[in-house]
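A closer look at the structure
The primary structure of each chain is shown beneath.
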Amino acid sequence: MKTFQRTAGIFCASLLMAATVYAFGFNQNIVAIFGAGNPNTGWTTDTAAGGVVVALRAKNRLDASTTNVSGVYSFPTGVQPPNNNRAVWNWEFSIDSGDAFLNAYDFYVAVDMDHSQATSYTTVNALTNWIDNSYGTSTTLNGAGLEGPAAMYASTSTIAQQSQNLVFAGGNPLLDATYNYQLFAVASGAGPEGTRLATTAITVIVGDGGPAFLDDDGDNVPNGDDLCPATAPGDAVNVNGCSIQELVNKCAIENSSDHGEYVSCVVELANKFFKAGTINQSERKYLINTAARSSIGK
């Protein structure tokens, strides 16, 4: 059986792949130029040459708290009354391009919508993905940012901020979950795989934190790695989440007009499962003999 290791903390696999070691700053103060009255506290940041600062945080919508432990923010499940149409927390980003205007760089946000402790990122351009970012400069006061598209403000602003709620992207606020977020800066035109000049990351734990990974058919293989996502309960599977029966059926479909090829396919499967210790010698022989006696492909 395949052993799966997933990192629920902020130092997730994709972050560790970067060659640069980043020095996160926790609980930093940055003026929140979006929405009057937002707190300035609780940002998790990274700073690069030229004064570039990327920052993320999560905020409790009920009391505006940004309490965290080294970039890990915790909230209860549930929705915010009285409308009950928002999760009780938001995730938020702040970008400061320092000595240059925002359009001198590209900034990307990687958003994890997988409610399990495993991580599955969708990466978007932080400035162009939303048309209601708040823009300003180092002199902009709390809540006084100008809201609109990047095309209007990125060439004259040094600060961009955004506040997002889980439900805006179709998330379920009632689920125990662990969500991860990254924000990073690259040279203009470098794309999301470009060298990261600065990067920051946070983790949001909701309720009990969710399952280790999503596994709809219960075969201990995460959905993202499972090539057979509807395996019958209790069936032994290979590293791809496929049972012997599912693979034998596949052999039959692919070799429906050639009996010899069908038998060869089953023999190969039986040998692989036997070597992996999933089946014993008697079961291996039974599979091969059954395939040889079948009428498939004749």
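Residues numbered from 1 in each chain as written. Predicted model: local features only at pLDDT ≥ 70, side-chain atom pairs only at ≥ 80, totals over all residues. Heavy atoms only, no water.

So, about the side chain of Thr231. Here Thr231 is to be found in the loop between strand 12 (198-206) and helix 3 (244-254). From its side chain, Thr231 meets the backbone oxygen of Cys228 in a polar contact 3.0 Å long. Not counting the four nearest positions on each side in its chain, Thr231 is found in contact with Asp217, Asp219, Val237, Gly241, Ser243 and Glu246. (Helix = DSSP H or I, 4+ residues; strand = E, 2+ residues; numbered from the N terminus. Polar contact = N/O pair within 3.5 Å; in protein donor to acceptor, adjacent residues only side chain to side chain. Contact = heavy atoms within 4.5 Å.)

What follows concerns the pairing of strand 8 (residues 133-136). Walk down a regular strand and you will see the side chains alternate between the two sheet faces. Here strand 8 shows a buried face lined by Asn133 and Tyr135 and a second buried face lined by Ser134 and Gly136. Both strand 8 and strand 9 (residues 146-148) contribute to a ladder of 3 bridges, which runs antiparallel. Note that in strand 9 the partner of Tyr135 across the bridge is Leu146. The pairing of strand 8 with strand 10 (residues 159-165) spans 3 bridges and is antiparallel. (Buried < 20%, exposed > 50% of the residue type's maximum accessible area, 1.4 Å probe, protein only. Pairing = 2+ DSSP bridges.)

A covalent bond bridging the sulfur atoms of two cysteines is what the word disulfide describes. According to the stated counting rule, one finds 2 disulfides in the structure shown. Two residues share a disulfide in this structure: Cys228 and Cys242, whose sulfurs sit 2.0 Å from each other. The disulfide joining Cys228 to Cys242 has a torsion of about 90° about its S-S bond and is therefore right-handed. In this pair, Cys228 is assigned in the loop between strand 12 and helix 3 and Cys242 in the loop between strand 12 and helix 3, connecting sequence segments 14 residues apart. Residue Cys251 pairs covalently with Cys265 via a disulfide, S to S 1.9 Å. Around the S-S axis, the bridge from Cys251 to Cys265 shows a dihedral of about -65° and counts as left-handed. Residue Cys251 is located in helix 3, and its partner Cys265 is located in helix 4 (residues 259-275); the two are separated by 14 residues in the primary sequence. In the chain, the bonded cysteines, taken in the order they occur along the sequence, pair up as 1-2, 3-4. (Disulfide = S-S within 2.5 Å.)

A few words on the packing of aromatic side chains. Taken as a whole and judged by the stated rule, the model has 9 aromatic pairs. Centre to centre, the rings of Phe24 and Phe26 are 6.3 Å apart; their planes meet at 80°, and the pair counts as edge-to-face. The interplanar angle of 65° and the centroid separation of 6.0 Å between the aromatic rings of Trp91 and Trp130 together place this pair among those described as edge-to-face. Of the two residues, Trp91 sits in strand 5 (residues 89-96) while Trp130 sits in the loop between strand 7 (121-125) and strand 8, which places them 39 residues apart along the sequence. For the pair formed by Trp91 and Trp130, the shared burial category is buried. Every member of this aromatic cluster is reached through a ring pair, and the members are Trp91, Phe93, Trp130 and Tyr181. Above the face of the Phe184 ring, Arg196 is positioned so that its terminal group lies 3.8 Å from the ring centre. (Phe/Tyr/Trp six-rings, centres within 6.5 Å; stacked < 30°, edge-to-face > 60°. Lys NZ or Arg CZ within 6 Å of the ring centre and 35° of its normal.)

In this section: helix 5 (residues 281-293). Because the α-helix completes a turn every 3.6 residues, residues three or four places apart line up on one side. Compared with the 18 Å implied by 1.5 Å per residue over 13 residues, the 18 Å span of helix 5 between its first and last C-alpha is a close match. Those residues of helix 5 that fall on the buried side of the exposure criterion are Leu287, Ile288 and Ala291. Summarising the axial view, the buried residues of helix 5 lie within an arc of 90°, below the 170-degree limit, and thus occupy one face. Counted as exposed and oriented over 90 degrees from the buried face of helix 5: Ser282, Tyr286 and Arg293. Looking at the packing, one finds that the buried side of helix 5 touches helix 3 and helix 4. The residue sitting at the N-terminus of helix 5 and contributing the capping side-chain oxygen is Asn280; that oxygen lies 3.1 Å from the backbone nitrogen of Ser282. (Expected span 1.5 Å × (residues − 1). Arc of directions from axis to C-beta.)

With that out of the way, let us pick up the nonpolar core. Of all hydrophobic cores here, the largest spans 37 residues; its most connected members are Trp89, Trp91, Phe93, Phe107, Val109, Leu127 and Tyr181. Counting residues per element, the ones that place at least two in this core are strand 3 (52-60), strand 4 (72-75), strand 5, strand 6 (105-112), helix 2 (150-153), strand 11 (177-187) and strand 12. Looking at this core, the element that brings in the most residues is strand 11, giving 5 residues. Excluding residues that lie within four positions of it along the chain, Tyr181 makes contacts with Leu56, Trp89, Trp91, Ala110, Val111, Tyr121, Thr200, Ala201, Ile202 and Val204. One finds Cys251, Val263, Ile279 and Ile288 within the second-largest nonpolar core, a separate group that totals 18 residues. (Core = buried A, V, L, I, M, F, W, Y, C linked by side-chain atoms within 4.5 Å.)

By themselves these figures say nothing about function.
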